[in-house]
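Structure at a glance
Listed here are the chains, written in short residue letters.
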Amino acid sequence: MAGFPTILVFDSGLGGLTVLREIVAARPDAHYVYVADDAFFPYGHHGEDAIVARVVPLIGDLIAAHRPDLVVIACNTASTLVMSYLREAYKIPFVGTVPAIKPACAQSRTKRVSVLGTKGTVKREYTRALIRDFAQGCEVTLVGSPELASLAEAALSGHEVGDGEILAELEPCFVGAADDETARTDTIVLACTHYPLLLERLTRLAPWPVDWIDPAPAIARRVVDLIGKPGRQSDKAGAEMIFTSNRPHTLSRALMPFFGGRVPA
Ligand code: DGL
């Protein structure tokens, strides 16, 4: 690939920044376009047909406007539905984000794994099939969280979010006897890209310690597999941040760490 590749990273909101951050670390030289479909947020509250009808043409418009070399759908709620439609419709490489059930079940010692995602993601046939195929003898608890993505979004935007609100969404993930570490949940899949934004608070509020599985590093490796490692040139190309609501964004400085220190235009 000559010059800097352009990588378009898409989510319903700010959650995909947790995926972007890992991709930027792996390909610091690339040009990034981050698109938050905030006009349709939260995806977890929409039906399957509505999400397909929204995302497939929108990605087509974004490809036409930005000519990316690769598109990352950094949203489980969308990826568990739209990947085959996108690959059919557009001839560029796509990388999706789906619940990391296989690695979580492979590493659980107590064989109790919880999958924390949006209500949409835990309902999907795609997610159920991952459990059928890869649970490897684990008891998998699906937890559909109605509000955690919005709480993460609010916290990143500088609003006060109470511990009680977060804990209410998190508690159903903790299954088994708190005082028996051999028979309680030991691994939680973060099956929504917004949740790693709250990782410190999730860790602090957890009734007992667990391993949190964030798929972002694996997604970054997949991107590098597809477009290659960075060349010698270490200059950073630019970064853009687009909100589909067209709201003026005042978050540029707060978002810099996700863009590898660049201020997104
Ligand atoms: N970030 C999205 C995901 O990974 C979901 C948030 C939403 O409900 O829009 O599932």
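Right above here is the structure, for reference.
Small disclaimer: the values here were computed from a predicted structure and weren't measured.

What follows concerns the site of the ligand. Residues in close proximity to the ligand total 14 residues, the closest being Ser12, Tyr43, Asn76, Thr77 and His194. Within the side chain of serine 12, one N or O atom sits 2.6 Å away from an oxygen atom of the ligand. For the ligand, an oxygen atom lies 2.8 Å from a polar atom in the backbone of asparagine 76. When the ligand is considered free in solution it has 300 Å² of accessible area, and contact with the protein chains removes 99% of it. Among the cavities detected, the one that contains the ligand is the largest cavity. The residue makeup of the shell around the ligand, split by class, is six nonpolar, seven polar and one charged.

The next point concerns helix H7 (residues 148–156). Along H7, the residues that are buried comprise Leu148, Ala149, Leu151, Ala152, Glu153 and Leu156. On the buried face of H7, the contacting elements are helix H1 (17–26), strand S5 (112–118), strand S6 (139–145), helix H8 (163–170) and helix H11 (252–255). Once H7 ends, the next one or two residues include glycine 158, with phi positive near 95°.

The strand order across the open sheet built from five strands is S4-S3-S1-S2-S9, with neighbouring strands paired in parallel fashion. A strand with exactly one partner marks an edge of an open sheet, and here the two such strands are strand S4 (94–95) and strand S9 (239–243). Summarising the sheet, strand S1 (residues 6–11) and strand S3 (residues 70–73) pair through four bridges and their orientation is parallel. Residue pairing in the sheet places valine 9 in a bridge with valine 72 of S3.

The strand order across the open sheet formed by four strands is S6-S5-S7-S8, and the pairing between neighbours is parallel. The two strands at the open ends of the sheet, each matched to only one other strand, are S6 and strand S8 (211–213). Taken over all neighbouring pairs, the strand axes of this sheet differ in orientation by 25° on average, direction set aside. Alignment of S5 against strand S7 (residues 187–190), held across four bridges, turns out to be parallel. Note on S7: the bridge partner recorded for valine 113 is threonine 187.

Our focus in this paragraph is the side chain of arginine 184. Mapped onto the fold, arginine 184 is located in the loop between H8 and S7. In this structure arginine 184 is buried but unpaired, with glutamate 181 as the nearest side chain of opposite charge at 4.5 Å. Residue contacts for arginine 184: discarding those within four places in its chain leaves Thr110, Arg112, Val175, Gly176, Ala177, Ala178, Trp208 and Pro209.

Attention shifts here to the packing of helix H2 (residues 48–66) against helix H3 (residues 76–89). Relative to each other, H2 and H3 sit at 55°, their axes nearing to 9 Å. One element, H2, and the other, H3, form an angle in the oblique class. With respect to the hand of their crossing, H2 and H3 are arranged in right-handed fashion. Facing H2, whose interface residues are Glu48, Ile51, Val52, Val55, Val56 and Ile59, H3 presents Thr77, Ala78, Leu81, Val82, Tyr85 and Leu86. For the contact of H2 with H3, the per-class residue count stands at ten nonpolar, one polar and one charged.

Rules and cut-offs
- Residues numbered from 1 in each chain as written.
- Predicted model: local features only at pLDDT ≥ 70, side-chain atom pairs only at ≥ 80, totals over all residues.
- Heavy atoms only, no water.
- Near = heavy atom within 4 Å.
- Polar contact = N/O pair within 3.5 Å; in protein donor to acceptor, adjacent residues only side chain to side chain.
- Areas by Shrake-Rupley, 256 points an atom, 1.4 Å probe, with all protein chains shown as cover.
- 1 Å grid on protein atoms, 1.4 Å probe; cavity = no way out; pocket = protein on both sides within 12 Å on 5 of 7 lines; lining within 4 Å.
- Sits in = over half its atoms within 2 Å of the grid points.
- Nonpolar A, V, L, I, M, F, W, Y, C, P; charged D, E, K, R; others polar.
- Buried < 20%, exposed > 50% of the residue type's maximum accessible area, 1.4 Å probe, protein only.
- Helix = DSSP H or I, 4+ residues; strand = E, 2+ residues; numbered from the N terminus.
- Contact = heavy atoms within 4.5 Å.
- Pairing = 2+ DSSP bridges.
- Axes fitted to C-alpha atoms, helices over the stretch in contact; angles between N-to-C directions.
- Lys, Arg positive; Asp, Glu negative; His and termini not counted.
- Salt bridge = Lys/Arg side-chain N within 4 Å of Asp/Glu carboxyl O.
- Parallel < 35°, antiparallel > 145°, perpendicular 65-115°, else oblique.
- Left-handed = near helix turned anticlockwise from the far one by under 90°.

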